[in-house]
Structures are given as C-alpha cells and as structure tokens.
Amino acid sequence: MKSLIVTTGLVDAVRGMITFRCLTDAEILDLLDRSDAIEYDEGEIVVKEGETGSCFYGIAEGSLAVSVGEGRPVYVGTLGAGDVFGEAGLFMSVPRTATVTAQGHAVVLRVGRGALSGFLERHPASGNKILLVFIYNLLRKLNVSNQELAYERKSDMAQADVDAMVESIFGGKA
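Visitor: Is there a simple way to think about the overall build of the chain in this case?
Guide: A tally of regular secondary structure across the chain gives six helices and nine strands. In terms of overall size, the chain is more extended than a compact globule, its C-alpha atoms giving a radius of gyration of 21 Å where 174 residues would be expected to give roughly 16 Å. In terms of principal-axis extent, the alpha carbons of the chain reach across some 75 × 35 × 25 Å. Long-range pairs, those at least 24 residues apart, make up 74% of the contacts in the chain between residues at least 6 apart in sequence. Carbon and sulfur atoms form 56% of the exposed surface of the chain, whose accessible area is close to 10300 Å². Side chains of the chain give 16 positive and 23 negative charges; the mean places of these two sets differ by 3 Å.

Visitor: Where do I start with a nonpolar patch on the surface in this structure?
Guide: Side chains of Leu-132, Ile-135, Leu-139 and Leu-142 sit close together on the surface and give an oily, nonpolar patch of about 410 Å² of accessible area. Checked against the element boundaries, Leu-139 lands in helix α5 (residues 124–155).

Visitor: Any chance you could explain the layout of surface pockets here in plain terms?
Guide: It is the rolling of a water-molecule-sized probe over the atoms that shows where space remains empty. Considered as a void within the structure, the largest pocket measures approximately 1000 Å³ in volume. What lines the largest pocket is a set of 34 residues, and nearest its centre among them are Val-66, Phe-85, Glu-87, Thr-97 and Lys-141. When contributions to the lining of the largest pocket are tallied by element, the ones reaching two or more residues are β5 (63–68), β6 (74–80), β7 (84–85), α3 (88–91) and α5. It is α5 that contributes the most residues to the lining of the largest pocket, eight residues altogether.

Visitor: Would you mind showing me how to read the environment of Leu-138 here?
Guide: Here Leu-138 shows up in helix α5. Taking the C-alpha atoms as reference points, Leu-138 and Arg-122, 16 residues apart in sequence, are found 24 Å from one another.

Rules of the game
- Residues numbered from 1 in each chain as written.
- Predicted model: local features only at pLDDT ≥ 70, side-chain atom pairs only at ≥ 80, totals over all residues.
- Heavy atoms only, no water.
- Helix = DSSP H or I, 4+ residues; strand = E, 2+ residues; numbered from the N terminus.
- Rg over C-alpha atoms; globule rule 2.2 N^0.38 Å.
- Contact = heavy atoms within 4.5 Å.
- Areas by Shrake-Rupley, 256 points an atom, 1.4 Å probe, with all protein chains shown as cover.
- Lys, Arg positive; Asp, Glu negative; His and termini not counted.
- Charge placed at Lys NZ, Arg CZ, Asp CG, Glu CD.
- Patch = residues over 30% accessible without salt bridge, like charges linked within 9 Å, V, L, I, M, F, W, Y side chains within 5 Å.
- Salt bridge = Lys/Arg side-chain N within 4 Å of Asp/Glu carboxyl O.
- 1 Å grid on protein atoms, 1.4 Å probe; cavity = no way out; pocket = protein on both sides within 12 Å on 5 of 7 lines; lining within 4 Å.
- Points joined across faces, edges and corners; volume = space filled by probe spheres on them.

So yeah, pure geometry; function would need other evidence.
Written out as structure tokens, the structure is:
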C-alpha cells in the first residue's frame, strides 16, 4: 500500500465514480487535496470486517473482492473501477460489515469524515448532490438486502411443511 500523487488520470477516475460525477475539475482537485489516493497490491486488505472506520472509498482502478466471515470467509462479490463502498462509515462509527481485498493492482480513493465535512462547507451545492447520491446508494443496498432476506425467509420450511413432506414420503409410518 502506498499513497499516490494527483494526476489527470486520477481526476478522470474520480469523475467516473457516480458519487462525484456532478463535481467540477476544481472541486475534484479540492477533494483529492484532502483525501488519500492509495495503491494496493494483490491480496492487500483495504478494509477489514469488524473494524470501525470513518472513511468512504471509491475505486479508481482495479477490482476488489468483498467477503464476510472469519476463518473461512464467504465471497460476496467484486467491486470495480467507479464503484464505491463504506458510505455508512462517514455517518456512524459502526464496525465494517465486510472485508475488502485487492484482486491485483488497485487504486482506491479514501475520503475521511473530516475531508467530506470540509468539502460540504466549501461547496454546499455540490455537497448536497453528493449526499443525495449517498442516500440513494444506501437505500439501494438496503433494498437488495431486504430482497435477499425475504427470499431466504420464503425458502425456509415451516414445521407443517416438513410434517407434510414426511407424511407424503412415509405415509404416516415415520
């Protein structure tokens, strides 16, 4: 892991992140001046499940694996250039819900709570747009989680279903 200097390519990559598409070049440079662009090698951990963090992340380059659980982690998905994660850490001091690991070379923008707060003060109109994107992203993630939970609950068998299945297989001789 090493910090990078701001380049035109990095500004373009940040503009490619949905959260920052509404920003001018000057606003992106202001944000980058108060944030960290970090380069990761394959296997390096960006955030670890269970650790408390106050930063938000945007992927400028490469891809990151998302997993949950200790010991034998369960793969959840892959995030790529333009994707963002960790929004909740900006608003609440809560443990991270997943581990995010570089899958090869990756460049990640890390924006801290203080950097975002200062940005909101200096650029209120653009800051409000960023906050609306955060709200949208968090609600979208909540909706996906709710749908997955509902599907999981639908597939759970009730005791009556198990009894009926046993009855149909064994004809009451169980």
